[in-house]
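Residue strings, one per chain:
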Amino acid sequence: GLIWLFVPALTLILGITIGVLVIVWLEREISAAIQQRIGPEYAGPLGILQALADGTKLLFKEDLLPSRGDIPLFSIGPSIAVISILLSYLVIPFGYRLVLADLSIGVSLWISISSIAPIGLLISGYGSNNKYSFSGGLRAAAQSISYEIPLTLCVLSISLLSNSSSTVDIVEAQSQYGFLGWNMWRQPIGFIVFLISSLAECERLPFDLPEAEEELVAGYQTEYSGIKYGLFYVASYLNLLVSSLFVTVLYLGGWNFSMPYISIPELFGINKMAGIFGMTIGIFITLAKAYLFLFISITTRW
């Protein structure tokens, strides 16, 4: 019984990790295509093992510590950034009743938890004892706090529209009229503001002020090496994936994809989105919508 208690959480973490590796591979392939380059091709078929190879390399690299830095803060910073973002996945529904924690304050919990990540970046910059790192940490905190305000207003407006703060209820509220009931059509300005704020939260171009390679070398991660350096990249892509999933849940109808009054499960002769087949369709639809947003954000960068 104790083992089965951890199985859903571990399954989710495994799925998220694979998702992050796919995003890293996509980033390289899309950037290569846009710049008319080949991209990764030697590590596995189509270069799909390149991200795994990079992760292994970082794992075995020497973990250097700044001689005059605050070592406890320096070490704990990347962990805070990764753990706080991982906790956000608790409230994301991937399908009908396929959510780790269906809380009545789901979206509020996500907003609260996402506010912790900038503290990790600020701690990292401060613990490095380096003016460039500290400037990057301050910039990261300032940018995140600034863009969290419009992000929160967008989320609150969706909660009021759906009459609930539960992510499952928000998806259910959009399912009544098929894709015409998506919040993207009901709140187009909020949708655009949410997209822009999400890019800023993930520190993606054109909002790469915290890293600012031209003037800050690499911002808050300048002094990092080895696996700690890798954790910042993991946190960045985890954040991008969680933002994409929340765009899907809040604005694109979540696991539902149907024409008005004709739902896909009924076409396949399924009464409800239950069972293995229904769950598989739900997960596929959710991820397809999320990766569409990912494609847009990666293309915007390159």
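What counts and how
Residues numbered from 1 in each chain as written. Predicted model: local features only at pLDDT ≥ 70, side-chain atom pairs only at ≥ 80, totals over all residues. Heavy atoms only, no water. 1 Å grid on protein atoms, 1.4 Å probe; cavity = no way out; pocket = protein on both sides within 12 Å on 5 of 7 lines; lining within 4 Å. Points joined across faces, edges and corners; volume = space filled by probe spheres on them. Helix = DSSP H or I, 4+ residues; strand = E, 2+ residues; numbered from the N terminus. Nonpolar A, V, L, I, M, F, W, Y, C, P; charged D, E, K, R; others polar. Domains from an automatic or database assignment. UniProt positions renumbered as here; feature names shortened; annotations may be inferred. Patch = residues over 30% accessible without salt bridge, like charges linked within 9 Å, V, L, I, M, F, W, Y side chains within 5 Å. Areas by Shrake-Rupley, 256 points an atom, 1.4 Å probe, with all protein chains shown as cover. Salt bridge = Lys/Arg side-chain N within 4 Å of Asp/Glu carboxyl O. Buried < 20%, exposed > 50% of the residue type's maximum accessible area, 1.4 Å probe, protein only. Core = buried A, V, L, I, M, F, W, Y, C linked by side-chain atoms within 4.5 Å. Contact = heavy atoms within 4.5 Å.

### Here we look at the layout of surface pockets
There is about 490 Å³ of room inside the second largest pocket. Forming the boundary of the second largest pocket are 19 residues, of which Thr11, Leu12, Phe94, Leu98 and Ile283 lie nearest the centre. For the lining of the second largest pocket, the secondary structure elements donating two or more residues are α1 (2-34), α11 (226-251) and α13 (275-301). Element by element, the count of residues in the lining of the second largest pocket is highest for α1, at 6 residues. Looking at side-chain class alone, the lining of the second largest pocket contains 15 nonpolar, 4 polar and no charged residues. Two domains each provide a minimum of three residues to the lining of the second largest pocket, namely domain 1 (1-60) and domain 2 (66-301).

### Overview of the UniProt feature "transmembrane region" (unreviewed entry) in the chain
Mapped onto this structure's residue numbering, the UniProt feature "transmembrane region" (unreviewed entry) falls at residues 6-26, 71-92, 98-123, 231-253 and 273-296. Between the end C-alpha atoms of residues 6-26 the distance is 30 Å, and the span holds 100% helix and 0% strand. Along residues 98-123, the helical share is 62% and the strand share 0%, with 35 Å between the first and last C-alpha atoms.

### Remarks on a nonpolar patch on the surface
Taken together, Leu2, Leu5, Phe6, Leu10 and Ile13 make up a surface patch of nonpolar side chains, about 550 Å² in accessible area. Along the polypeptide, Phe6 turns up in helix α1. The class of Phe6 is partly exposed, set by a relative accessible area of 48%.

### Description of the nonpolar core
Ranked by internal contacts, the top residues of the largest apolar core, which has 56 residues, are Tyr89, Ile92, Trp110, Phe194, Phe246, Leu250 and Tyr251. Broken down by element, the residue count for this core peaks at 13 residues, all from α11. Among the domains, domain 1 (1-60) and domain 2 (66-301) are the pair contributing at least three residues each to this core. If we skip the residues at most four places from it in the chain, Tyr251 touches Cys154, Ile158, Gln174, Trp182, Asn183, Met184, Gln187, Gly190, Phe191, Phe194 and Phe246.

### Focus on the environment of Ile170
By the secondary structure assignment, Ile170 is in helix α7 (residues 167-174). Residue Ile170 is classed as buried on the basis of its relative accessible area of 0%. Distance in space between the C-alpha atoms of Ile170 and Trp182 is 10.0 Å, their sequence separation being 12 residues. Ignoring sequence-local partners within four residues, the contact set of Ile170 consists of Val107, Ile158, Ser162, Ser164, Ser165, Asn183, Val249 and Leu250.

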